[in-house]
Amino acid sequence: MKKSLLLVIMILLFGICFLFNSCKEKNKNEIKITESQALKIAKRYGISGDKVLIYFNTYTYSKTSLGYKNGKRKLYYWNVSKECNHCPMIQIDAVTGNVFSEGKYDYVH
């Protein structure tokens, strides 16, 4: 009887450990692009000099999105821009270093 109870307790503990470890989001993609590397990439797109605005951001995919269905949960990226009229802005994937969005500011007066 004691062996059965011990076996049941061990199975329950193993199950609980498995449950917690399987529910954790696995971040296989470590952030590889630093702020200085992002600024070097931005320089190729004409974003350099004084008043360059750079900040790190995270986008969480919704459960109904195609990215989520493909196994992606979060997108880590750098926003780099010069906030002036007709100045360029880009978004750089912080894992791969790819520029996935680019544009220009157009202010309407």
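Before any of the text, the structure's been laid out above.
Values in this document were obtained by computation on a predicted structure and should not be read as measured data.

Participant: Tell me what's going on with the packing of aromatic side chains, and back it up with residues and numbers.
Facilitator: Going through the model one piece at a time under the given rule, you end up with 5 aromatic pairs. When the ring of Phe56 is compared with that of Trp78, the centres are 5.1 Å apart and the planes differ by 70°; the resulting orientation is edge-to-face. Linking Phe56 in strand β1 (residues 53-60) with Trp78 in strand β2 (residues 74-81), this pair joins segments that are 22 residues apart in sequence. Exposure remark for Phe56: the relative accessible area of 33% places this residue in the partly exposed category.

Participant: So what's going on with the environment of Tyr61? Residues and values would help.
Facilitator: Within the element layout of this structure, Tyr61 appears in the loop between β1 and α3 (66-69). With relative accessibility at 17%, the residue Tyr61 sits in the buried group. In this structure Tyr61 touches Gly67, Tyr68, Lys72, Arg73, Lys74 and Leu75, once residues within four positions along its chain are discounted.

Participant: Break down the pairing of strand β3 (residues 88-93) for me, citing the residues and quoting the values.
Facilitator: Of all the 6 residues making up β3, 6 are buried; the element is thus mostly covered by neighbouring parts of the structure. Residues Pro88, Ile90 and Ile92 of β3 are buried on one face, and the alternating residues Met89, Gln91 and Asp93, pointing to the opposite face, are buried as well. Across 5 bridges, the pairing between β2 and β3 is antiparallel. Directly across from Val80, in β3, lies its bridge partner Ile90. Where β2 hands over to β3, the hairpin turn is made up of 6 residues, of which His86 adopts a positive phi near 65°. As paired strands, β3 and strand β4 (residues 99-104) are joined by 5 bridges and run antiparallel to one another. Bridge pairing in β4 links Ile90 to Glu102. The turn joining β3 and β4, which pair antiparallel and follow one another in sequence, is formed by 5 residues; a positive phi near 85° is taken by Gly97.

Participant: Got a sec to walk through the side chain of Gln91? Specific residues and values, please.
Facilitator: Within the element layout of this structure, Gln91 appears in strand β3. A polar contact of 2.9 Å, which involves the side chain of Gln91, links it to the side chain of Asn79. In this view, Gln91 contacts Tyr77, Trp78, Asn79, Asn98, Val99, Phe100 and Ser101; residues no more than four positions away in its chain are not counted.

Participant: Can you explain helix α2 (residues 35-44)? Please cite residues and give values.
Facilitator: Residues of α2 that are buried: Ala38, Ile41 and Ala42. In a view along the axis of α2, the buried residues occupy a sector of 100°, so they form one face of it. In α2, the exposed positions that point more than 90 degrees away from the buried face belong to Lys40, Lys43 and Arg44. Check the buried side of α2 and you find it contacts β1, β2, β3 and β4. Residue Gly46 follows α2 closely and has a positive phi angle near 85°.

Participant: Which residues make up the side chain of Asp93, and what are the values?
Facilitator: Position of Asp93 among the secondary structure elements: in strand β3. Buried charge without a partner: Asp93 forms no salt bridge, and the closest opposite charge is Lys72, 6.4 Å away. A polar contact of 2.8 Å, which involves the side chain of Asp93, links it to the backbone nitrogen of Val95. Those residues in contact with Asp93 that sit more than four places away from it in its chain are Ile33, Leu75, Tyr76, Tyr77, Asn98 and Phe100.

Basis of the calculations
- Residues numbered from 1 in each chain as written.
- Predicted model: local features only at pLDDT ≥ 70, side-chain atom pairs only at ≥ 80, totals over all residues.
- Heavy atoms only, no water.
- Phe/Tyr/Trp six-rings, centres within 6.5 Å; stacked < 30°, edge-to-face > 60°.
- Helix = DSSP H or I, 4+ residues; strand = E, 2+ residues; numbered from the N terminus.
- Buried < 20%, exposed > 50% of the residue type's maximum accessible area, 1.4 Å probe, protein only.
- Contact = heavy atoms within 4.5 Å.
- Pairing = 2+ DSSP bridges.
- Polar contact = N/O pair within 3.5 Å; in protein donor to acceptor, adjacent residues only side chain to side chain.
- Arc of directions from axis to C-beta.
- Lys, Arg positive; Asp, Glu negative; His and termini not counted.
- Salt bridge = Lys/Arg side-chain N within 4 Å of Asp/Glu carboxyl O.

All we've got here are geometric facts, nothing functional implied.
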